[in-house]
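Chain and residue survey
The chain contents come next:
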Amino acid sequence: MTLVISIHPQHIKKQRIRHAATLIKQGGIVVFPTETVYGLGADAFNGKAIKKIFTAKGRPSNNPLIVHIATYQQLHTVAAHIPHKARTLIRTFWPGPLTLILKKAHHVPKEVTAGLNTVAVRIPNHPIALALIKQSRTAIAAPSANLSGKPSPTTAAHVFHDMNGKVDCIINGGTCKIGVESTILDMTVDPPLLLRPGGISIEQIEKILKQPIAFHPAVSHPKQKVSFAKAPGMKYRHYAPKAQLILVEGKHHEVISKMDAFARMYKKKQKKVGIIRCTSDGMLKKVDATLFIGNTPQKVAHNLFTAFRTLDHKGMHIIIAEGIDEKHIGLAVMNRMRKAASRIIRV
Ligand code: TXA
Ligand code: MG
């Protein structure tokens, strides 16, 4: 049985939070909103509770979790060492969508870190998440609250779809503001290493650190022009809709005409075709659904995962998505789109 609790982020009812916090303390698993996406949380110091998260999500146990804390003081309970540069970033960006990889404190269980000697940690910028962590009097380890491989949930309805019956409690706190997950930065190396672009941009980080950061090979560098003439069947998909996603990126005019050509081809093959647009000129005709998800990178980030889920719900076989510039949060958007894509076309 899954208990659903509704809480307005601006009018938090303490006794409702207390209920969810009690479940955490008793070793239960609770879904809660953050400013990025919904998280599926358990007491970070209770290995048995953490295992339930992996089962509910169908997540491989070698993929570690992010630990959520409410105050800077609490950081010392999970991290053994906080380098100077980490402190600088923390002062600027916490609470917020920046996750730091630090040397772990020895009592953080191996279930959280997948046996690594480092831990991922952040203070979320959401009143419900913060109230829940404080009331629970512990740190809360939480991955995104989707089934493994699916798009992260940005509304309680998404969570309910994936997690009803699998978790003890879902806190419905409305729509998540940012819509893509936090930026992950490894602070155990110098220069810091970007493991996942997200809600805080590299431009923001580099400005504060006054130094360029390094990119993990898995993260596409914005300045590096990768030429994907055709890249069908990429190794694995993530954040992915059920439909086959074709991502078209490059020069705007050519992107639109390429998207149009794909739409026509799949319509001829009797497929249900959905379109994700980030600009509003030159509407494509004869498709089954068109979603315009915003004309700024922030709006596209906010709406992207909902768009994937909406088009799946409408039964599309094919989704053709328009890429955006990799500036600011656009880098995170393109990272998620590429991971979700079955095919990437650069024109
Ligand atoms: O915005 C977010 O980050 C959301 C909300 C709920 O906070 N959480 C989230 O968690 O996206 P998840 O589990 O979906 O992604 C966590 C990522 C994984 O890719 C994992 O591999 C990485 O963090 N990670 C966790 N611990 C790590 C570590 N010690 N070293 C390297 N990567 C780590
Ligand atoms: Mg996730």
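Now for a quick tour of the structure.

Conventions adopted
Residues numbered from 1 in each chain as written. Chains lettered and ligands numbered in written order. Predicted model: local features only at pLDDT ≥ 70, side-chain atom pairs only at ≥ 80, totals over all residues. Heavy atoms only, no water. Helix = DSSP H or I, 4+ residues; strand = E, 2+ residues; numbered from the N terminus. Buried < 20%, exposed > 50% of the residue type's maximum accessible area, 1.4 Å probe, protein only. Polar contact = N/O pair within 3.5 Å; in protein donor to acceptor, adjacent residues only side chain to side chain.

Quick look at unusual backbone geometry now. For the bond running from Trp94 to Pro95, omega is -5 degrees, close enough to zero to count as cis. With respect to the helices, strands and loops of the structure, Pro95 is situated in the loop between helix H4 (84–93) and strand E6 (98–104). Cis geometry marks the peptide bond from Asp190 to Pro191, where omega comes out at 0 degrees. Mapped onto the elements, Pro191 comes out in the loop between strand E10 (183–186) and strand E11 (193–196). Look at Lys210: it is not a glycine, yet its phi comes out positive at around 55 degrees. Here Lys210 lies in the loop between helix H8 (202–209) and strand E12 (214–215). Taking the relative accessible area as the measure of exposure, Lys210 reaches 74% and is therefore exposed. Even without being glycine, His328 reaches a positive phi, approximately 50 degrees. Mapped onto the secondary structure, His328 falls in the loop between strand E16 (318–322) and helix H11 (330–340). With relative accessibility at 41%, the residue His328 sits in the partly exposed group.

On to helix H2 (residues 47–57). Of the positions making up H2, those classed as buried are Gly47, Ala49, Ile50, Ile53, Phe54, Ala56 and Lys57. The backbone nitrogen of Lys48 has a side-chain oxygen 3.1 Å away, supplied by the residue at the start of H2, namely Asn46. Positive backbone phi, at 70 degrees, marks Gly58, one or two positions downstream of H2.

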